[in-house]
Amino acid sequence: MKAVAYLRMSTDKQDLSIEQQMTQINERATKDGAVVVECFEDAGRSGWKRKTRRPRFEALRRRVQSGALAEHGVTRIYVWKLNRLGRRQDVVLRFLSDA
């Protein structure tokens with residue numbers, strides 16, 4: 001089973017680094033029988049501010065919307081915590097409805 005991961009850390013003071021998030025995601029994917037084939041990473045990007053651009057999040061969203069991930073057999077998207085997708089509920093809900 002193929003999967004992708006989205007990683008975000010806005011500051012150095014957060015709980016887990018990008019690398020630590022990826023380690024935990026890979027552990028979870030392995031337990032699920034999945035392999036992470038691509039990572040979308042926005043380091044140093046806020047998930048709260050509307051004007052902050054998150055280019056890798058936007059790329060992931062476009063690929064979900066276009067069906068490109070499904071065409072390549074990707075059936076899962078992993079994030080360390082749901083708030084890595086965004087701190088604003090409207091952003092998270094819009095993404096989840098697209099997926």
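Residues numbered from 1 in each chain as written. Predicted model: local features only at pLDDT ≥ 70, side-chain atom pairs only at ≥ 80, totals over all residues. Heavy atoms only, no water.

Novice: Outline the overall build of the protein, listing residues and values.
Specialist: If you tally the helices and strands in the protein, you get 4 helices and 3 strands. Starting at the N terminus and ending at the C terminus, the protein contains elements arranged as β-α-β-α-α-β-α. For the protein, the share of sequence-separated contacts (at least 6 apart) that also reach a separation of at least 24 residues comes to 68%. When the accessible surface of the protein is summed, it comes to about 6100 Å², and 49% of that surface belongs to carbon and sulfur atoms. (Helix = DSSP H or I, 4+ residues; strand = E, 2+ residues; numbered from the N terminus. Contact = heavy atoms within 4.5 Å. Areas by Shrake-Rupley, 256 points an atom, 1.4 Å probe, with all protein chains shown as cover.)

Novice: Kindly report on the pattern of salt bridges, identifying the contributing residues and their values.
Specialist: If you walk through the whole model with that rule in mind, you get 5 salt bridges. The salt bridge partner of Arg-28 is Asp-32, with a shortest N-O separation of 2.7 Å. Placement of the pair is Arg-28 and Asp-32 together in helix α1 (residues 18-32), with a separation of 4 residues, close to one helical turn. Among the residues examined, Arg-28 registers a relative accessible area of 44% and is labelled partly exposed. Across the pair Glu-38 and Arg-63 runs a salt bridge whose closest N-O atoms are separated by 2.8 Å. (Salt bridge = Lys/Arg side-chain N within 4 Å of Asp/Glu carboxyl O. Buried < 20%, exposed > 50% of the residue type's maximum accessible area, 1.4 Å probe, protein only.)

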